[in-house]
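For reference, the chains in residue letters:
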Amino acid sequence: MEVSMNVNGDDVSEDIEPRTLLVHFIRDHLGLTGTHWGCDTSNCGTCVVWVDNEPVKSCTTLAVMAGGHDVRTVEGMEVDGVLDPVQEGFIQCHGLQCGFCTPGMMLTARALLDRNPDPTDAEIREAISGQICRCTGYATIVRSIQWAAEKERETPVEVGAS
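Residues numbered from 1 in each chain as written. Predicted model: local features only at pLDDT ≥ 70, side-chain atom pairs only at ≥ 80, totals over all residues. Heavy atoms only, no water.

**Q** Would you take a moment to explain the packing of aromatic side chains for this structure?
**A** Any two aromatic rings considered together are summarised by their centre-to-centre distance and by the angle between their planes. Scanning the model with the defined rule gives 0 aromatic pairs in all. One Lys or Arg, Arg-72, reaches over the ring of Trp-50 and ends 4.9 Å from the middle of that ring. (Phe/Tyr/Trp six-rings, centres within 6.5 Å; stacked < 30°, edge-to-face > 60°. Lys NZ or Arg CZ within 6 Å of the ring centre and 35° of its normal.)

Here's what the structure looks like:
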């Protein structure tokens, strides 16, 4: 079955089996390995990508369901060599340790900040509650997202613009 979509600004078209999950399409067919595959049950959130600017868990989404849509992976957060403030925040505040949950966590954080540029710690924790980090205890992740929010308030930038 032929599936076509826009991934990180590039139109892609591939012949796949209809049962191919979006996470496998992204990793195995497109070679974008930043999207991680964890639990295969939608519980851990490591596989989060955006479909039409909405975070989705790609381990329970068929690739054909994303056909005709815009998909954004963690690789699409950086634009023209400039890291997204969320990515910078994770670096500055040590929001990662092993890094396995980080791509999905970053995309979830970006979605939160796009909707709420000044979230409280409680709002951040609620936004990332669908994701599991086994390393950090979440304190550094929350700080990383707060750092990104503060940076964006200090220096407004059009995030995701080319």
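Back to the write-up after that little detour.
**Q** Can you help me understand the packing of helix H2 (residues 85–92) against helix H3 (residues 102–115) in this one?
**A** A pair of packed helices is characterised by two quantities: the angle between their axes and the separation of those axes. For the pair H2 and H3, the least separation of the axes is 9 Å and the interaxial angle reads 125°. The orientation of H2 relative to H3 falls into the category oblique. With respect to the hand of their crossing, H2 and H3 are arranged in right-handed fashion. Contacts between H2 and H3 involve Pro-85, Val-86, Gln-87 and Phe-90 on the former and, on the latter, Thr-102, Met-105, Met-106, Ala-109, Arg-110 and Leu-113. Broken down by class, the residue content of the contact of H2 with H3 amounts to 7 nonpolar, 2 polar and 1 charged. (Axes fitted to C-alpha atoms, helices over the stretch in contact; angles between N-to-C directions. Helix = DSSP H or I, 4+ residues; strand = E, 2+ residues; numbered from the N terminus. Parallel < 35°, antiparallel > 145°, perpendicular 65-115°, else oblique. Left-handed = near helix turned anticlockwise from the far one by under 90°. Contact = heavy atoms within 4.5 Å. Nonpolar A, V, L, I, M, F, W, Y, C, P; charged D, E, K, R; others polar.)

**Q** Help me out: how do you make sense of the packing of H2 against helix H5 (residues 139–154) in this one?
**A** Contact geometry for H2 and H5: axes closest at 8 Å, N-to-C directions at 130°. If you check the angle between H2 and H5, you find them oblique. Here H2 and H5 pass one another in a crossing that is right-handed. Within the contact between the two elements, H2 uses Pro-85, Val-86, Glu-88, Gly-89, Phe-90 and Gln-92 and H5 uses Ile-141, Ser-144, Ile-145, Trp-147, Ala-148, Lys-151 and Glu-152. Across the contact of H2 with H5, the residue classes tally to 7 nonpolar, 3 polar and 3 charged.

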